[in-house]
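Given next are the chains, with one letter for each unit.
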Amino acid sequence: MTVPDVPAAMVNNQFFDEFTEKVRVKPIPWEGYSRAGLISSEDLRELKEYQQAAQAREGKDVAQYLGLLVRLTEKLASVDALQYLLVQVDDIVEGQGGG
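Here is what the cut-offs are and how they apply
- Residues numbered from 1 in each chain as written.
- Predicted model: local features only at pLDDT ≥ 70, side-chain atom pairs only at ≥ 80, totals over all residues.
- Heavy atoms only, no water.
- Salt bridge = Lys/Arg side-chain N within 4 Å of Asp/Glu carboxyl O.
- Helix = DSSP H or I, 4+ residues; strand = E, 2+ residues; numbered from the N terminus.
- Buried < 20%, exposed > 50% of the residue type's maximum accessible area, 1.4 Å probe, protein only.
- Expected span 1.5 Å × (residues − 1).
- Polar contact = N/O pair within 3.5 Å; in protein donor to acceptor, adjacent residues only side chain to side chain.
- Axes fitted to C-alpha atoms, helices over the stretch in contact; angles between N-to-C directions.
- Parallel < 35°, antiparallel > 145°, perpendicular 65-115°, else oblique.
- Left-handed = near helix turned anticlockwise from the far one by under 90°.
- Contact = heavy atoms within 4.5 Å.
- Nonpolar A, V, L, I, M, F, W, Y, C, P; charged D, E, K, R; others polar.
- pLDDT = per-residue confidence, 0-100.

- The chain is annotated in an unreviewed UniProt entry as H(+)-transporting V1 sector ATPase subunit H of Coemansia furcata.

## Description of the pattern of salt bridges
Then comes step 1: According to the stated counting rule, one finds nine salt bridges in the structure shown.
Then comes step 2: Between Arg24 and Glu21 there is a salt bridge, with its nearest N and O atoms 3.0 Å apart. Note that Arg24 and Glu21 are positioned in helix 1 (residues 14-25) at a spacing of three residues, about one turn of the helix.
Then comes step 3: A salt bridge links Glu42 to Arg45; its shortest N-O distance comes to 2.4 Å. Residue Glu42 and its partner Arg45 are located together in helix 3 (residues 41-55), separated by three residues, close to a single helical turn.
Then comes step 4: Residue classification places Arg45 among the partly exposed positions, given a relative accessible area of 41%.

## A word on helix 1
Then comes step 1: For helix 1, built from 12 residues, the straight-helix expectation of 16 Å at 1.5 Å per residue is met to within 8% by its first-to-last C-alpha distance of 17 Å.
Then comes step 2: At the N-terminal end of helix 1, a side-chain oxygen is found 2.8 Å from the backbone nitrogen of Phe15, two or three residues along, and the residue is Asn13.

## What to know about the packing of helix 4 (residues 62-75) against helix 5 (residues 79-94)
Then comes step 1: Their axes nearest at 10 Å, the elements helix 4 and helix 5 cross at an angle of 155°. With respect to helix 5, the axis of helix 4 lies roughly antiparallel. Handedness of the crossing formed by helix 4 with helix 5: left-handed. Listed contacts from helix 5 to Val62, Tyr65, Leu66, Leu69, Leu72 and Thr73 of helix 4 are Leu82, Leu85, Gln88, Val89 and Ile92.

## A look at the packing of helix 1 against helix 5
Then comes step 1: Two elements in contact, helix 1 and helix 5, have axes whose closest approach is 9 Å; the angle formed by their N-to-C orientations is 110°. The orientation of helix 1 with respect to helix 5, classified from their angle, is roughly perpendicular. In this structure, the crossing between helix 1 and helix 5 has a hand that is left-handed. Of the residues in helix 5, those in contact with Phe19, Thr20, Val23 and Arg24 of helix 1 are Gln83, Tyr84, Val87 and Asp91.
Then comes step 2: Classifying every residue of the contact of helix 1 with helix 5 gives four nonpolar, two polar and two charged.

## Some points on the confidence of the model for the chain
Then comes step 1: Averaged over every residue, the pLDDT of the chain is 85; the share at 70 or more is 84%.
Then comes step 2: Within the chain, helix 3 has the poorest average pLDDT of any element, 87, and helix 2 (residues 30-35) the best, 96.

Here it is as structure tokens:
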């Protein structure tokens with residue numbers, strides 16, 4: 001059985017746009033997750049490095065950052081952290097770079 005190709009469609013929804021913007025700016029206690037042993041100090045360092053690079057709009061290795069984001073989704077159960085990580089993945093996929 002083959003799956004038919006479906007053209008990509010842009011979906012704009014004001015609710016989701018506003019929700020996503022709130023997720024982007026909500027503070028996440030990454031240091032606390034590191035102290036609790038939920039993420040490694042290396043994960044924390046990489047995350048901060050990429051966040052700073054994104055704010056400065058500097059180019060970084062996107063594949064490495066996506067790998068970090070996926071690793072963190074596997075380690076964390078916090079809804080806020082997971083929403084943030086998934087919004088970052090979406091921003092990269094959509095070409096916005098996130099921040």
